[in-house]
There are 2 protein chains.
Amino acid sequence: MAEASPISVAFGKAIRQERRKKGITQEELAEKCGLDRTYISQIERGLKNPTLPVAWELAINLEINFVTLMAAALQHIPGASH
Amino acid sequence: MAEASPISVAFGKAIRQERRKKGITQEELAEKCGLDRTYISQIERGLKNPTLPVAWELAINLEINFVTLMAAALQHIPGASH
DNA sequence: GTGTGACTTTAAGTCCGTA
DNA sequence: ATACGGACTTAAAGTCACA
């Protein structure tokens, strides 16, 4: 499958990082969010471009501030100084 | 058209706010972003759920930090303490 | 200069499976 | 517990004519 946009790739890395930090599985996170497990997998691997509501839901269920999550994502982008 | 999710509605308000702050029109912003003017209109009115890459592109062309933009969006959500 | 509805095309998001 | 793929359904992307 083709890779998504840089921001989505970075977002995926942040999600994986936070999920592991919480010690939960993709399946658990998926269920909490009401999303499919394979979709979480695709997001974490940077293969999909999630919508704002999806990003929001992920933040809520990872119990991390939405803005903090976005900031974490930016850490994974080389030229992240906008 | 049906209203989008709360985060998208809030995001739309932030976009409109920042765009006006920059003193540019929807048409100008649309051209910079390579998007359609009417699509910008729909986002600002909270009728669409933009993807991360779209939000990213808007931030770049509004010359605002992505995280800052998201923080501005949260200001428009009542219970924004996640 | 923007709002709006209807529209077509593309990608998000699901569900099945295999490894 | 996750990667990966194919086929599928739904929603977002993107456009247009008109008010």
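Each value, and the rule that gives it
- Residues numbered from 1 in each chain as written.
- Chains lettered and ligands numbered in written order.
- Predicted model: local features only at pLDDT ≥ 70, side-chain atom pairs only at ≥ 80, totals over all residues.
- Heavy atoms only, no water.
- UniProt positions renumbered as here; feature names shortened; annotations may be inferred.
- Helix = DSSP H or I, 4+ residues; strand = E, 2+ residues; numbered from the N terminus.
- Near = heavy atom within 4 Å.
- Polar contact = N/O pair within 3.5 Å; in protein donor to acceptor, adjacent residues only side chain to side chain.
- Nonpolar A, V, L, I, M, F, W, Y, C, P; charged D, E, K, R; others polar.

1. With respect to the UniProt feature "domain: HTH cro/C1-type" (unreviewed entry) in chain A
Part 1: Residues annotated by UniProt as "domain: HTH cro/C1-type" (unreviewed entry) correspond here to residues 15–69 of chain A.
Part 2: Here residues 15–69 of chain A runs as 69% helix and 0% strand, with 8 Å between its end C-alpha atoms.

2. Here's the deal with the protein's contact with DNA strand C
Part 1: By nearness alone, 22 residues border DNA strand C, and Tyr39 and Asn49 of chain A together with Gln26, Ser41 and Arg45 of chain B come closest of all.
Part 2: Per the 4 Å cut-off to the protein, sugar and phosphate atoms form 61% of the nearby atoms of DNA strand C.
Part 3: A distance of 2.9 Å separates a base oxygen of DNA strand C from a polar side-chain atom of Arg37 of chain B.
Part 4: One nitrogen or oxygen atom from the side chain of Ser41 of chain B is found 2.7 Å from a phosphate oxygen belonging to DNA strand C.
Part 5: Those elements that provide at least two residues to the surface near DNA strand C are helix 3 (37–44) of chain A together with helix 1 (6–22), helix 2 (26–33) and helix 3 (37–44) of chain B.
Part 6: Examining the composition of the surface near DNA strand C, we find that 4 residues originate from one element, helix 3 of chain B, more than from any other.
Part 7: Looking at side-chain class alone, the surface near DNA strand C contains 5 nonpolar, 10 polar and 7 charged residues.

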